Amino acid sequence: MRLEYSGMPLPIPWYVKFGVKLALGSVPGAKQCLPKLLPIFRHGPAGDPVYCRDVFLAHFARFAASYAGAANRNEIHILEMGPGYSLASGLLGYLFGAKRVCLVDVGKYAAMEDEFARRLIDRLESLLKTTEENPPAADLSPAGSHLKEILAGGTTSAKAIRQRITTLKAKADIAGFLFENVIDYRFEGLQSLRRLPDASIQMVFSQAVLEHVARSEFSQVLSELYRIVEAGGVGSHVIDFKDHLGASLNSLRFSERFWETGLVYRSGFYTNRYRKSQAIEMFESAGWQVSVVSEKRWDCLPLSRSRLHEHFQKLPEDDLLCGSLTLLATKPTSV
Ligand SMILES: C[S@@+](CC[C@H](N)C(=O)[O-])C[C@H]1O[C@@H](n2cnc3c(N)ncnc32)[C@H](O)[C@@H]1O
């Protein structure tokens, strides 16, 4: 099962995608229309309820195991950075007892179809059923293990989740109910974060998003998240360091002067190209306490150093071999 997104696995050479996306990305209005027409322009596999469920459960399990703040766990506020085409975390957050789920992106890409909401609920119900049958841990999927951990941790109970499922299923308009009571969808990126009150969020998470935050804004975004999250609150982030053209290191072939232009930023494959050690350092500079949960690494460099731009050629091996990283960032309770 794929929990991470790094571009569609189409057998198209990276440089063809590069050219097509660069050209089409500069057409006015293309950013709104193209994702509907071509999968290579979509922000993640958001139409798949199992993907959405599993991503949420992995992040929520990390929160449930690490939260050290003062809020009642049944009344937490969640912030998802970069939901892309899905508001699934609004629905799942509600089912797991969150009072509010704020979703911040840089464009209004997502909507919640009733049919999708009901499929998402079904997928959670079936996982709940399997998990409650209490099979040996080894027989559970990663998502089943996460659900089991959450239920064992006491953040919410299977009974409470079922009650909320019943409430939601009875609604004629699930999205309408969630927008009125739970979801706070904002789409002005850093500006949206700046408008959120201090210490108002207990859990922030992102899935394949932080690598897309503009280089010029990255440290400000991390500082804003730190300000918004309550002491003892938790950040859970999956960062995809692969290029979003061929899941390799092709993005490191280019100079900063070319890469940091509006043309590349609008292309859909823009990543800020920060590597593992830089990302961790910037989290720490913003005040976060960081630990690496897991990491996916290449066995050897997917692209030889000589093909990289000189700016990246001397980077440590450890940085270049890291394809993706799951980080747990906590806000200390006392500074
Ligand atoms: C690859 S998509 C991932 C979408 C979703 N998280 C998923 O797993 O399917 C990256 C998302 O990050 C968003 N993004 C980029 N810069 C952002 C920023 N500064 N603040 C919030 N979201 C941002 C993009 O608009 C896009 O929706």
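Being a predicted model, the structure only gives us computed values, none of them experimental.

K.L.:
So, the overall build of the protein: which residues are in play, and what are the values?
P.N.:
Helices and strands together make up the secondary structure of the protein, namely 15 helices and seven strands. Summarising its shape, the C-alpha atoms of the protein cover approximately 55 × 45 × 45 Å along the three principal directions. Buried residues in the protein amount to 44% of all 335 residues.

K.L.:
Please give an account of unusual backbone geometry that cites residues and values.
P.N.:
The phi dihedral of Asn-134 falls on the positive side, at around 60°, and the residue is not glycine. Mapped onto the elements of the fold, Asn-134 is located in the loop between α5 (114-132) and α6 (142-153). For Asn-134, a count of 9 C-beta atoms within 10 Å corresponds to the exposed category. Phi at Arg-273 is positive, roughly 65°, even though this residue is not glycine.

K.L.:
Residue-level account of the nonpolar core, with values.
P.N.:
Counting residues in hydrophobic clusters, the biggest one holds 74 residues, and the most contacted among them are Phe-60, Leu-79, Leu-91, Leu-120, Met-203 and Val-204. In contact with Leu-79, not counting residues within four places along its chain, are Cys-102, Val-104, Ile-201, Val-204 and Ile-228. Membership of the second largest hydrophobic core comes to six residues, among which are Phe-18, Leu-245, Trp-259 and Val-264.

K.L.:
Would you mind going over the sheet that holds strand β3 (residues 183-186) in detail, with residue names and values included?
P.N.:
One open sheet accounts for seven strands, arranged β3-β2-β1-β4-β5-β7-β6; its pairing is mixed. The open sheet terminates on both sides in strands that have one partner only, identified here as β3 and β6 (289-297). Between one strand axis and the next, the sheet turns through 15° on average, direction left out of account. Helix α10 (residues 218-228) contacts β1 (77-81), β4 (201-207) and β5 (229-240) of the sheet and is inclined by roughly 145° relative to β5.

K.L.:
Explain α6 to me, and be specific about the residues and the numbers.
P.N.:
The terminal C-alpha atoms of α6 lie 16 Å apart, and with 12 residues this matches the ideal 16 Å at 1.5 Å per residue to within 8%. Restricting attention to buried positions, one finds in α6 the residues Ala-143, His-146, Leu-147, Lys-148, Ile-150 and Leu-151. Each element contacted by the buried residues of α6 is listed here: α3 (49-66), α5 and α7 (158-169). Of the residues one or two after α6, Gly-154 is the one with positive phi, at around 80°.

K.L.:
I'd like a description of helix α1 (residues 14-25), backed by residues and values.
P.N.:
With 12 residues, α1 should reach 16 Å at 1.5 Å per residue; the first-to-last C-alpha distance of 16 Å fits that figure. Regarding α1, the residues found buried are Lys-17, Phe-18, Lys-21 and Gly-25. Viewed along the axis of α1, the buried residues span an arc of 105°, placing them on a single side of the element. The outward face of α1, more than 90 degrees from its buried face, is lined by the exposed residues Tyr-15, Val-16, Gly-19 and Ala-23.

K.L.:
Give a detailed account of the packing of α5 against α6, specifying residues and quantitative values.
P.N.:
One way to put it is that α5 packs onto α6 with a least axis distance of 10 Å and a crossing angle of 70°. As judged from the angle between their axes, α5 and α6 are roughly perpendicular. Within the contact between the two elements, α5 uses Leu-127, Leu-128, Thr-130 and Thr-131 and α6 uses Ala-143, Gly-144, Leu-147 and Lys-148. A breakdown of the residues in the contact of α5 with α6 according to their chemical character gives four nonpolar, three polar and one charged.

K.L.:
Outline the pairing of strand β7 (residues 322-330), supporting the account with residue identities and numerical values.
P.N.:
In terms of burial, β7 is largely enclosed, as eight of its nine residues are buried. Here β5 runs beside β7; their pairing, made up of seven bridges, is antiparallel. Among the inter-strand pairings, Gly-235 is bridged to a residue of β7, identified as Ala-329. Alignment of β6 against β7, held across eight bridges, turns out to be antiparallel. The residue bridging Gln-289 from the neighbouring strand is Thr-330, located in β7.

K.L.:
Before we move on, can you summarise the packing of α10 against helix α13 (residues 276-285) with the specific residues and values?
P.N.:
At a minimum axis distance of 9 Å, the contact between α10 and α13 shows a crossing angle of 45°. With respect to their mutual orientation, α10 and α13 come out oblique. In terms of crossing hand, the pair formed by α10 and α13 is right-handed. Touching Phe-218, Ser-219 and Leu-222 of α10 are Met-282, Phe-283 and Ser-285, all from α13. The residue inventory of the contact of α10 with α13, partitioned by class, reads four nonpolar, two polar and no charged.

K.L.:
Got a sec to walk through the environment of Arg-53? Specific residues and values, please.
P.N.:
Position of Arg-53 relative to the elements: it lies in helix α3. A C-alpha to C-alpha distance of 7.6 Å links Arg-53 and Ala-88, two positions 35 residues apart in sequence. When near neighbours in sequence (up to four residues on either side) are disregarded, Arg-53 contacts Leu-92, Leu-120, Arg-123, Leu-124, Leu-127 and Ala-143.

Cut-off values and rules
Residues numbered from 1 in each chain as written. Predicted model: local features only at pLDDT ≥ 70, side-chain atom pairs only at ≥ 80, totals over all residues. Helix = DSSP H or I, 4+ residues; strand = E, 2+ residues; numbered from the N terminus. Buried ≥ 20, exposed ≤ 12 C-beta atoms within 10 Å, placed from the backbone. Core = buried A, V, L, I, M, F, W, Y, C linked by C-beta atoms within 7 Å. Contact = placed C-beta atoms within 7 Å. Pairing = 2+ DSSP bridges. Axes fitted to C-alpha atoms, helices over the stretch in contact; angles between N-to-C directions. Expected span 1.5 Å × (residues − 1). Arc of directions from axis to C-beta. Parallel < 35°, antiparallel > 145°, perpendicular 65-115°, else oblique. Nonpolar A, V, L, I, M, F, W, Y, C, P; charged D, E, K, R; others polar. Left-handed = near helix turned anticlockwise from the far one by under 90°.

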